[in-house]
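Coordinates in review
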Amino acid sequence: MAVLPIVEVPDPRLRLVSGPVDAIDAATRAFVADLIETMYAAKGIGLAAIQVGVDRRILVIDLQAEEDAEGKPVRDPHAYLNPEILSVSDELSVYNEGCLSIPEQYAEVARPASCRVRWQDEQGGDHEEDMDGLLATCMQHEIDHLNGVLFTDHLSRLKRDMVMKKLTKMRKMA
Ligand code: NI
């Protein structure tokens, strides 16, 4: 397993529409393991393949909501291959989102509060599930990445400019 370098804005690869995963094989599973390791190393709760420069419809999520007796997050990673949103709720929820490709910047984004998602796992098995709460938000954020969309695209131009200015300032100070 390997920690892969994360692609950051304004890298044009983040605007690519990722293609489907046709063959779910050992190489795919090895890549999924790398993606999961990279997500943990970067302290993220979700990561899409294009964020490490691979334009395939693969993403991993671990909300790390559970804690063990010592207060450490319990790891429960999930891989979603060829994920598709089948339907969304009219009801919206607002979450303060961040993104490993837009480091250390956060903004409130309104998205459907729940969604029904279909995907394949890394063994090729088919799944369909209703998601809500943080999982629904995270899933929609990550599927956006597969379509070349960033969370800042959901903001007003004023807010988006503010986020990008803060990022530029932070990079200069680093
Ligand atoms: Ni992101």
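Not measured: the values here are computed from a predicted model. All chains use their own residue numbering, which begins from 1 and follows the written sequence. Confidence filtering applies because this is a predicted model: local features only for residues at pLDDT of at least 70, side-chain atom pairs given and counted only at 80 or more, and all residues used for totals across whole chains, interfaces and linings. Side-chain measures were taken over the full set of non-hydrogen atoms in the model, leaving aside hydrogen atoms and water.

Before going further, it helps to examine the nonpolar core. Note on soluble globular proteins: their nonpolar side chains tend to be buried together. By nonpolar core we mean a set of buried residues, namely Ala, Val, Leu, Ile, Met, Phe, Trp, Tyr and Cys, connected to one another through side-chain atoms within 4.5 Å. Summary of the burial criterion: residues with accessible area below 20% of their type's maximum are buried, those above 50% are exposed, and those between are partly exposed, where the area comes from a 1.4 Å probe applied to protein chains only. Phe31, Val32, Leu35, Leu47, Ile58, Val60 and Leu81 are the most contacted members of the largest nonpolar core, which totals 16 residues. Strands are runs of DSSP state E lasting at least two residues, helices are runs of H or I lasting at least four, and both sets are numbered from the N terminus onward. The set of elements that each furnish at least two residues to this core consists of helix H1 (26–41), strand S2 (58–61) and strand S3 (78–88). The element contributing the most residues to this core is H1, with 6 residues. The contact definition used throughout considers only heavy atoms, calling two residues in contact when any of these lie within 4.5 Å. Those residues in contact with Val60 that sit more than four places away from it in its chain are Val32, Leu35, Ile36, Met39, Ile45, Gly46, Leu47, His78 and Ala79. Counting residues in each nonpolar core, the second largest holds 15 residues, with Tyr80, Leu135, Met139 and Ile143 among its members.

Turning our attention to the coordination of the nickel ion. Protein-derived coordination of the nickel ion comes from Cys99 (SG), His141 (NE2) and His145 (NE2), at a distance range of 2.1 to 2.3 Å. Spacing between the donor residues of the nickel ion along the chain follows C-x41-H-x3-H. In this pair, Cys99 sits in strand S4 (residues 92–99) while His145 sits in helix H2 (residues 133–146), placing the two residues 46 residues apart along the sequence. Residue class for Cys99 comes out buried when judged on its relative accessible area of 9%. For His145, a relative accessible area of 0% corresponds to the buried category. Donors, by definition, are the N, O and S atoms found within 2.8 Å of a metal, the threshold being 3.2 Å for Na, K and Ca, and water is not counted, so a site can look incomplete.

A few words now on the sheet that holds strand S6 (residues 114–120). Strands are labelled as partners when DSSP assigns at least two bridges between them. Read from one edge of the open sheet, 5 strands run S1-S2-S3-S6-S7, paired in antiparallel fashion. The sheet terminates laterally at strand S1 (46–48) and strand S7 (126–132), the two strands that pair on one side only. Along the sheet, successive strands turn relative to each other by an average axial angle of 40°, direction set aside. In this analysis, axes come from line fits to C-alpha atoms, helices being fitted only over the stretch in contact, and the angle between any two N-to-C directions falls in the range 0 to 180 degrees.

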